[in-house]
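Breakdown of the fold
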Amino acid sequence: MKNKTVKMVLAVVVLGVCCGAYAGVKTYVAHQEQKESEEDSEESTTVFTASTDNIKSLDFMVDDTETTFEKDDDSWVKKDETDFPVNQTTLDSAASAIASVDSDRVLEDVDDLSEYGLDSPSNTIKIVTKSDEEDGDDITTTLYVGDENSSTSQYYVRKDDDEKTVYLIDSSCVEPFTKSLNDYAQMEDFPAISNTDTITKISVDGDNSYELSKDEDTSIWSVKGSEDEEKADSATVSSLVSSFGSMAYSSLADYKCDDKSKYGLDKPYATIIVDYQEEVADDDTQDNTTASSEAADEDASSAEENSDDAKQDTESDDEDSSEEETKMADKQLTILVGNETDDSNRYVMVNDSNEVYTMSTDTLSALTDKSEEDFWDMTVSYVSLNNLESLKVNYQGSDYKVNVSRETSTDDDGNDTETVTYKLNGSDLDETTFTTFYNKLINMTAQKRLTDKYEPDGDAELTVTFTEEDGDTLEVAYYSYDTNYYAAVVDNKVYLVNKMNVKELFTAFESVAGTEEDNSGETDSEEATTDDTKSDLTDTSSESIEE
């Protein structure tokens, strides 16, 4: 038993010594690693350096194809495709990134390049630079790019024919050479309309087709689809119109498209056409001004010896000719909308360009995913009070008529003053009481419109007929629809209006009619349900309004 105890004690002592030794070794290794790391950070090796002005060409892999961009004077061009629209800024940035390549860690005597992805490089960058000597040959430096060290954001590279030395370089030197071909192309700007107030028509042809047009005299927008043309909601149209001033491409997809079907543009998802006007130079005026100026110069030259005034007139004409006159010209913007991409965009082609771009689906859907119904004006029955001659009202079976009279008087200074008076069934009517009701009536807006045929269940609770000074009439009838809405019927249109808003309208009219107390004991559900207090919709809609 004693021997067993001794052995256990010795085992514990040995274990403690081993743990201490391990801790010491671990500390030493960590210290050495830190020391080496500090030495690495303090020392760096230049892999490649050159002045960006001396770089003549860059050759590297783009979309698995060897691609060369070279300098032509001060501009970059694609060697095998000179009409390729090279983005000068992108290539300048790539040249700057590779002009100074340093490594803070160099691996020497490498036996297995596959450990660094350099047995089959992901990219090969060839840099051709001018010789420092005046008549010297160009110098070509080749960098082979291997794997990325994700923990340090660096890439393994080797240089030229040296297969024994591997460098770790910063990713910023490599990433400018990892783009697709279109990333090196110069994108055109979307032809945004600078003054959207000049837009007069927008047509969309697709799954949902409609046309918006603006009246030149009134600037009121109308919408037309499969149904008849009708007034459009000004706020909705205004928001859509303004979007054409800020539209932009997302990316370039094809700078020279020869097959629209690849992008769904041979049979577009939608075609958008916008008519607008743009300020342009008036060529006719400029030609006439130039001719006039030349004639004036000749006249002045012949009279120069005899008259100083002629010289002054000529100078004045020259100043006028330098001012370019402009005019408004009709323009049209056509957008073909194609297939969806993988990044919430769609392909588009604009006007006669053969370039294909992508554009945000959200931007396009504001146009393509709308229908004529989305633009309907939801104002139920607007008639300006300034044009009103009379108003006939049938409310809970009783008829009322409001007549509007206008008289103009002139004071001693010749100033005209118009006095407006209102009479209800021949008796004077308080202006404030009437206008409060009338404003609620003409500013009533619906939350939606019914497109299916509507058969009223019962008679209208309120029927109003407007007669304007020019003789035009408009009738609106309010029917109880459900617990949330009243149905307001105007001609063949049925608007669903918030029930509480209609109740406020009823209350306002009761103030006009002086019947507030008569209905104070009735509930909302009872005050308009009896058949003997209703006017028939068919009768009121077919009868002409008599003064």
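A brief look at the structure comes next. (Residues numbered from 1 in each chain as written. Predicted model: local features only at pLDDT ≥ 70, side-chain atom pairs only at ≥ 80, totals over all residues. Heavy atoms only, no water.)

Digging into the environment of glutamate 431
The condition that has to hold: Put simply, DSSP H or I for four residues or longer makes a helix, DSSP E for two residues or longer makes a strand, and each gets a number counted from the N terminus.
Examined against the element boundaries, glutamate 431 turns out to sit in helix 7 (residues 431-442). Spatially, the C-alpha atoms of glutamate 431 and valine 512 are 9.7 Å apart, while their sequence positions differ by 81 residues.

Things to note about the pattern of salt bridges
Just so we agree on the cut-off: Salt bridges are counted wherever a side-chain nitrogen of Lys or Arg sits within 4 Å of a carboxyl oxygen of Asp or Glu. Under the scheme applied here, a residue whose accessible area is under 20% of the maximum for its type counts as buried, over 50% as exposed, and between as partly exposed, the area being computed with a 1.4 Å probe on protein chains only.
All told, the structure shown has 14 salt bridges when counted by the stated rule. Measuring nitrogen to oxygen at the nearest pair gives 4.0 Å for the salt bridge that ties glutamate 81 to lysine 256. With glutamate 81 in the loop between strand 4 (75-78) and helix 2 (88-98) and lysine 256 in the loop between strand 14 (251-254) and strand 15 (270-281), the pair connects residues that are 175 residues apart, well separated along the chain. For glutamate 81, a relative accessible area of 22% gives the class partly exposed. A relative accessible area of 39% places lysine 256 in the partly exposed class. Ionic pairing is found between glutamate 455 and lysine 453, a salt bridge with its closest N-O pair at 3.5 Å. A relative accessible area of 57% means that glutamate 455 is categorised as exposed. You can call lysine 453 exposed: its relative accessible area is 75%. Three or more residues are tied together by salt bridges with common partners; here these are Lys78, Asp80, Glu81, Asp83 and Lys256.

Digging into a negative patch on the surface
As a reminder, the rule being used: Two distance rules govern patches: like charges are joined within 9 Å, and nonpolar side chains (Val, Leu, Ile, Met, Phe, Trp, Tyr) within 5 Å, applied only to residues with over 30% relative accessible area and no salt bridge. For the area figures, the Shrake-Rupley method with a 1.4 Å probe applies, and any residue is considered shielded solely by the protein chains shown. The charged-residue count follows a simple rule in which Lys and Arg add positive charge and Asp and Glu add negative charge, with His and chain termini not counted at all. The atoms used to mark charge sites are NZ of Lys, CZ of Arg, CG of Asp and CD of Glu.
Residues Asp53, Asp72, Asp73 and Asp74 make up a contiguous surface patch of negative charge. Locating aspartate 74 in the fold gives a position in the loop between strand 3 (65-72) and strand 4.

Examining the packing of aromatic side chains
Working definition: an aromatic ring pair is given by the centre-to-centre distance plus the angle between the planes. Stated formally: Each Phe, Tyr or Trp ring (for Trp, its six-membered ring) is paired with any other whose centre lies within 6.5 Å, and the angle between the two planes then decides the class: stacked below 30 degrees, edge-to-face above 60, tilted in between.
Summed over all chains, the structure comprises 22 aromatic pairs. The interplanar angle of 80 degrees and the centroid separation of 5.4 Å between the aromatic rings of phenylalanine 190 and tyrosine 249 together place this pair among those described as edge-to-face. Of this pair, phenylalanine 190 sits in the loop between strand 9 (166-170) and strand 10 (201-206) while tyrosine 249 sits in the loop between helix 3 (234-242) and strand 14, and the two are 59 residues apart along the sequence. The two residues phenylalanine 190 and tyrosine 249 agree in class, both being buried. An aromatic cluster is defined as three or more aromatic residues linked by ring pairs; in this entry it consists of Tyr395, Tyr400, Tyr422, Phe434, Phe437, Tyr438, Phe466, Tyr486, Phe506 and Phe509.

Quick notes on the sheet that holds strand 11 (residues 210-214)
Filter applied, for reference: Pairing between strands requires that DSSP locate at least two bridges from one strand to the other. For this analysis, residues touch if any pair of their heavy atoms sits within 4.5 Å. Axis geometry follows a simple rule: fit a line to the C-alpha atoms, using only the stretch in contact for helices, then measure angles between N-to-C directions, giving values from 0 to 180 degrees.
Pairing is antiparallel in the open sheet, where nine strands are placed in the order 13-12-11-10-15-16-17-18-14. Each edge of the open sheet carries a strand with a single partner, namely strand 13 (230-231) and strand 14. Across three bridges, strand 14 lies against strand 18 (residues 356-360) in antiparallel orientation. Counterpart to leucine 252 in the pairing with strand 18 is tyrosine 357. With respect to the sheet, helix 6 (residues 361-368) is in contact with strand 10, strand 11, strand 15, strand 16 (326-340), strand 17 (345-350) and strand 18, its orientation differing from that of strand 18 by roughly 80 degrees.

Concerning the pairing of strand 11
Strand direction decides the pairing type here: strand 10 and strand 11, joined by four bridges, are antiparallel. Residue pairing for strand 11: valine 204 is matched across the bridge by tyrosine 210. Hairpin connection between strand 11 and strand 12 (residues 221-224): a loop of six residues separates the two successive antiparallel strands, and serine 219 in this loop has a positive phi of roughly 65 degrees.

Structural notes on helix 3
Formally: This arc describes the spread of directions from the helix axis toward the C-beta atoms.
Within helix 3, burial applies to Val237, Leu240 and Val241. The buried residues of helix 3 occupy one face: seen down the axis, they fall within an arc of 100 degrees. Contacts made by the buried residues of helix 3 are with strand 10, strand 11, strand 12 and helix 6.

Digging into unusual backbone geometry
In this structure, aspartate 64 is a non-glycine residue whose phi angle is positive, near 65 degrees. As for its placement among the helices and strands, aspartate 64 is situated in the loop between strand 2 (55-62) and strand 3. For aspartate 64, a relative accessible area of 75% corresponds to the exposed category.

Here's the deal with the pairing of strand 10
Every other side chain in a regular strand lies on the same face of the sheet, so the side chains alternate between the two faces. The turn joining strand 10 and strand 11, which pair antiparallel and follow one another in sequence, is formed by three residues. Examined bridge by bridge, strand 10 and strand 15 share six bridges and lie antiparallel to one another. Looking at the pairing, lysine 201 lines up with aspartate 275 of strand 15.

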